[in-house]
Amino acid sequence: MADLSDRLDRIDTKLDKLSEAVSHLARIEERIAHQTENLSQQDSKLSDLERRIRTLEFQSSSRGVIIAHIERFGWIVISAVIGIAAYFFKQ
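Residues numbered from 1 in each chain as written. Predicted model: local features only at pLDDT ≥ 70, side-chain atom pairs only at ≥ 80, totals over all residues. Heavy atoms only, no water.

## A short note on the overall build of the chain
Phase 1: Scanning the chain for helices and strands turns up 1 helix and 0 strands.
Phase 2: Against the globule reference of 12 Å for 91 residues, the chain gives a C-alpha radius of gyration of 39 Å, more extended than a compact globule.
Phase 3: For the C-alpha atoms alone, the extent of the chain along its principal axes is close to 135 × 15 × 10 Å.
Phase 4: The buried share among the 91 residues of the chain stands at 0%.
Phase 5: About 8,900 Å² of surface is accessible on the chain, with carbon and sulfur atoms providing 63% of the total. (Helix = DSSP H or I, 4+ residues; strand = E, 2+ residues; numbered from the N terminus. Rg over C-alpha atoms; globule rule 2.2 N^0.38 Å. Buried < 20%, exposed > 50% of the residue type's maximum accessible area, 1.4 Å probe, protein only. Areas by Shrake-Rupley, 256 points an atom, 1.4 Å probe, with all protein chains shown as cover.)

Given below as structure tokens:
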């Protein structure tokens, strides 16, 4: 009888450990699910930021071309004014 009682105690101890391990595993699984959700949210935010940066780069390059043309036109006008002034002062 004592042998059977010891055996049942060991089985009970092992079942307690197994129950503890299962609950620990459930907590780990919950953490992994939470981290996966956070990673998914960060991925979507990163994709949104990448899209916005591409849009800003495109707008910036378009504005750069326009500003370069305006600057060239300005230098042409300034050169023409200086040329006309030099022509009138020469006479």
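Structure's up, so let's keep going.
## Observations regarding a nonpolar patch on the surface
Phase 1: On the surface, a nonpolar cluster with roughly 760 Å² of combined accessible area is contributed by Met-1, Leu-4, Leu-8, Ile-11, Leu-15, Leu-18 and Val-22.
Phase 2: In this structure, Leu-8 sits in helix 1 (residues 2–90). (Patch = residues over 30% accessible without salt bridge, like charges linked within 9 Å, V, L, I, M, F, W, Y side chains within 5 Å. Salt bridge = Lys/Arg side-chain N within 4 Å of Asp/Glu carboxyl O.)

## So, the packing of aromatic side chains
Phase 1: For the structure on display, the rule yields 1 aromatic pair.
Phase 2: An angle of 65° between the planes, with centres 5.9 Å apart, marks the rings of Tyr-87 and Phe-88 as edge-to-face. (Phe/Tyr/Trp six-rings, centres within 6.5 Å; stacked < 30°, edge-to-face > 60°.)

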